[in-house]
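# Fold and contact review
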Amino acid sequence: QVQLVESGGGLVQPGGSLKLSCQFSGIRSTIYTMGWYRQAPGKQREVVATITTAGSTRYADSVKGRFTISRNIPRKTVYLEMNSLEPEDTTVYYCNAQNVLTLNPLWGQGTQVTVSP
């Protein structure tokens, strides 16, 4: 059974940090690009960061220099370390796995991140 389970969201003050985790199961990490997306109410889901099967990373301009995506393949976990958080980062964050052969996306249930004084 394919599962992506996010954790690590919460409430943090501006300038603070959070580390999101996405534990995946039922997929082969060697053929999936992993990523983090976010979606604010009334807006389209947008990519935050991705990491390819080869370990290459890409970031949205709005998070470059502040967020870092990484993975631990033996632990089947993908991380998003978020530093210097801003109120504009407040939203639900989703873990994504995209099959590089079929391009079929898989999604987690999401985790809420709130940045507020």
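Above: the structure in question.
Heads up: these notes are all about the structure in this document. (Residues numbered from 1 in each chain as written. Predicted model: local features only at pLDDT ≥ 70, side-chain atom pairs only at ≥ 80, totals over all residues. Heavy atoms only, no water.)

## Section: the packing of aromatic side chains
Evaluated as defined, the whole model comprises 1 aromatic pair. Ring geometry for tyrosine 37 versus tryptophan 107: centroids 5.0 Å apart, planes at 80°, classification edge-to-face. On the criterion of sequence distance, the pair formed by tyrosine 37 in strand β4 (residues 32-39) and tryptophan 107 in strand β10 (residues 105-107) is long-range, its members being 70 residues apart. For tryptophan 107, a relative accessible area of 35% translates into the label partly exposed. In this structure, lysine 19 is placed above the aromatic ring of tyrosine 79, and the distance from its NZ or CZ to the ring centre is 4.7 Å. (Phe/Tyr/Trp six-rings, centres within 6.5 Å; stacked < 30°, edge-to-face > 60°. Helix = DSSP H or I, 4+ residues; strand = E, 2+ residues; numbered from the N terminus. Buried < 20%, exposed > 50% of the residue type's maximum accessible area, 1.4 Å probe, protein only. Lys NZ or Arg CZ within 6 Å of the ring centre and 35° of its normal.)

## As for the side chain of asparagine 96
For asparagine 96, the position within the fold is in strand β9 (residues 91-99). Within the structure, asparagine 96 has its side chain in polar contact with the backbone oxygen of leucine 106 (distance 3.4 Å). Setting aside residues no more than four positions away along its own chain, asparagine 96 makes contact with Leu4, Thr33, Met34, Gly35, Tyr37, Pro105, Leu106 and Trp107. (Polar contact = N/O pair within 3.5 Å; in protein donor to acceptor, adjacent residues only side chain to side chain. Contact = heavy atoms within 4.5 Å.)

## Digging into the pattern of salt bridges
For the coordinates displayed, the defined rule picks out 5 salt bridges. A salt bridge links glutamate 86 to arginine 66, with the nearest nitrogen and oxygen atoms 3.9 Å apart. Remark: arginine 66 occurs in the loop between β6 (57-59) and β7 (67-72) and glutamate 86 occurs in the loop between β8 (77-82) and β9; sequence separation between them is 20 residues. A relative accessible area of 34% places glutamate 86 in the partly exposed class. Here aspartate 89 ties to arginine 66 by a salt bridge, and the two come within 2.8 Å at their closest N and O atoms. Of the two residues, aspartate 89 sits in the loop between β8 and β9 while arginine 66 sits in the loop between β6 and β7, which places them 23 residues apart along the sequence. The buried category is assigned to arginine 66, whose relative accessible area is 11%. It is possible to trace a salt-bridge network through shared partners that takes in Arg38, Glu46, Arg66, Glu86 and Asp89. (Salt bridge = Lys/Arg side-chain N within 4 Å of Asp/Glu carboxyl O.)

## So, the pairing of strand β1 (residues 3-7)
Only one face of β1 is covered, namely the one carrying Leu4 and Glu6; the face carrying Gln3, Val5 and Ser7 has none of its residues buried. Bridging between β1 and strand β3 (residues 18-25) involves 5 bridges; their strand directions are antiparallel. Within the sheet, the bridge partner assigned to leucine 4 lies in β3 and is phenylalanine 24. (Pairing = 2+ DSSP bridges.)

## Overview of unusual backbone geometry
In this model, lysine 76 sits at a positive phi of 50°, which is unusual for a non-glycine residue. The topology assignment puts lysine 76 in the loop between β7 and β8. Looking at lysine 76, the relative accessible area reads 40%, which means it is partly exposed. The backbone of serine 84 shows a phi angle near 50°, a positive value even though the residue is not glycine.

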